Amino acid sequence: MVHTDARFVVGVVGNVISGGLFLSPIPTFIQIWRKKDVEAFDPRPYLTTVLNCLFWCYYGLPFVNPNSILVVTINGIGLFIELIYLVIFFYYATAKGRKRVATYFICELILFGALVAATMLAIPEHKMAMNRPLRAVVVGVICDFFNVLMYGSPLFNVRDVIKTKSVKYMPFTLLVANFLNGCCWTSYALIGKVDYFILISNSLGAIFGVFQLIVYARYYKTTPKGEDLSGKTTNEVQLCTNV
């Protein structure tokens, strides 16, 4: 009972942190709305997050991985928010940009639908592996793959920071939130029955977060005075916000 209560509390905190990260691109889309133009903003981070949220929502369903309702809630909310971003982007994009978004989105739906069909039809609900439902194992591996990619995506900024000796394009608040997000969901995975799939990607996310914060601290003082440290770029990369 104590484990259940602690896991629930940590999961709620994780939902709050992740929710804040899902909302972090709002300034980007306010800028798009004001200018009525997507300029050079790249929709792929948001399309990738949509797919990631779909996979984690499916992973948390009772017939895949029981007792994971908080995984479903935050990724369901995240999915809704990301779809709003994509609608805004689609509305203000050029014909070529709309075609690209639509093509990516349709491909994602096909991929997700194929995964759901394959796991539902080929894997019996009560078949076990690694002391958990086999469906959860298969879907969990796929979720981990995408989560690690998304946690690692801000590392591309590290190369630019080291090259320019400037943290202009490393948003400190998002780095801290991303680190806390990884720590929170790592703790959630360790309480009670260990969820290795939530644990693996989020513990790596916490480690990536520590590394990025170290880089930020190292190059903060060498950043030329007067540079905007808000961390916004024309090709903004959204930090991973999923469990």
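Residues numbered from 1 in each chain as written. Predicted model: local features only at pLDDT ≥ 70, side-chain atom pairs only at ≥ 80, totals over all residues. Heavy atoms only, no water.

K.L.:
Could you give me a rundown of the overall build of the chain, with the residues and numbers involved?
P.N.:
In terms of regular secondary structure, the chain is built from nine helices and two strands. In sequence order, the chain lays out its α and β elements as α-α-α-α-α-β-β-α-α-α-α. For the chain, with 243 residues in total, the buried portion stands at 47%. Of all intrachain contacts in the chain linking residues separated by at least 6 positions in sequence, the fraction that spans at least 24 positions is 82%. Accessible area for the chain stands at about 12300 Å²; split by element, carbon and sulfur atoms hold 72% of it. (Helix = DSSP H or I, 4+ residues; strand = E, 2+ residues; numbered from the N terminus. Buried < 20%, exposed > 50% of the residue type's maximum accessible area, 1.4 Å probe, protein only. Contact = heavy atoms within 4.5 Å. Areas by Shrake-Rupley, 256 points an atom, 1.4 Å probe, with all protein chains shown as cover.)

K.L.:
Explain the nonpolar core to me, and be specific about the residues and the numbers.
P.N.:
In terms of nonpolar packing, the biggest core is built from 45 residues, with Ile32, Phe55, Tyr59, Phe89, Tyr188 and Ile198 touching the most fellow members. Elements that contribute at least two residues to this core include exactly α1 (2-23), α2 (26-35), α3 (44-59), α4 (69-92), α5 (95-122), α6 (134-152), α8 (172-190) and α9 (196-220). A total of ten residues in this core trace back to one element, the largest contributor, which is α3. When residues no more than four places from it in sequence are discounted, the contact partners of phenylalanine 89 are Phe29, Ile32, Val38, Phe41, Pro43 and Val101. Residues Val167, Met170, Tyr216 and Tyr219 belong to the second largest nonpolar core, which totals eight residues. (Core = buried A, V, L, I, M, F, W, Y, C linked by side-chain atoms within 4.5 Å.)

K.L.:
I'd love a proper account of unusual backbone geometry, names of residues and values included.
P.N.:
A positive phi is found at lysine 36, a non-glycine position, where the angle reads about 55°. Counting through the fold element by element, lysine 36 comes out in the loop between α2 and α3. Unusually for a residue other than glycine, asparagine 67 sits at a positive phi of about 60°. Looking at where asparagine 67 falls in the secondary structure, it is placed in the loop between α3 and α4.

K.L.:
With reference to specific residues and values, describe the environment of leucine 190.
P.N.:
Locating leucine 190 in the fold gives a position in helix α8. The partly exposed category is assigned to leucine 190, whose relative accessible area is 48%. Once the C-alpha coordinates of leucine 190 and arginine 7 are considered, the two residues, 183 residues apart in sequence, prove to be 8.6 Å apart.

K.L.:
For the confidence of the model for the chain, give the residues involved together with the corresponding values.
P.N.:
The pLDDT averaged across the chain works out to 83; a share of 89% of its residues lies at or above 70. By mean pLDDT, the top-scoring element of the chain is α5 (93), and the lowest-scoring one is strand β1 (residues 128-129) (70). Below a pLDDT of 50 lies the segment residues 230-240, which in the model reaches 39 contacts outside its immediate sequence neighbourhood of four places, other chains included. (pLDDT = per-residue confidence, 0-100.)

K.L.:
Before we move on, could you go through α8 and cite the residues and values that matter?
P.N.:
An ideal rise of 1.5 Å per residue puts 27 Å on 19 residues; α8 measures up with 27 Å between its terminal C-alpha atoms. By the burial criterion, the buried members of α8 are Leu174, Leu175, Ala177, Asn178, Asn181, Gly182, Cys184, Trp185, Thr186, Tyr188 and Ala189. Glycine 192 sits one or two positions beyond α8 and adopts a positive phi of about 70°. (Expected span 1.5 Å × (residues − 1).)

K.L.:
Before we move on, could you go through the packing of aromatic side chains and cite the residues and values that matter?
P.N.:
To describe a pair of aromatic rings, one takes the distance between the centres and the angle between the planes. Tallied over the entire structure, the rule returns 13 aromatic pairs. Where tyrosine 91 meets tyrosine 92, the ring centres are 4.9 Å apart and the plane angle is 90°; that geometry is what we call edge-to-face. A relative accessible area of 17% places tyrosine 92 in the buried class. Residues phenylalanine 145 and phenylalanine 146 carry aromatic rings whose centres are separated by 5.5 Å and whose planes lie at 85° to one another, so their mutual orientation is edge-to-face. Put simply, the rings of Phe55, Tyr58, Phe63, Phe112, Phe145 and Phe146 touch in pairs and so form one group of aromatic residues. (Phe/Tyr/Trp six-rings, centres within 6.5 Å; stacked < 30°, edge-to-face > 60°.)

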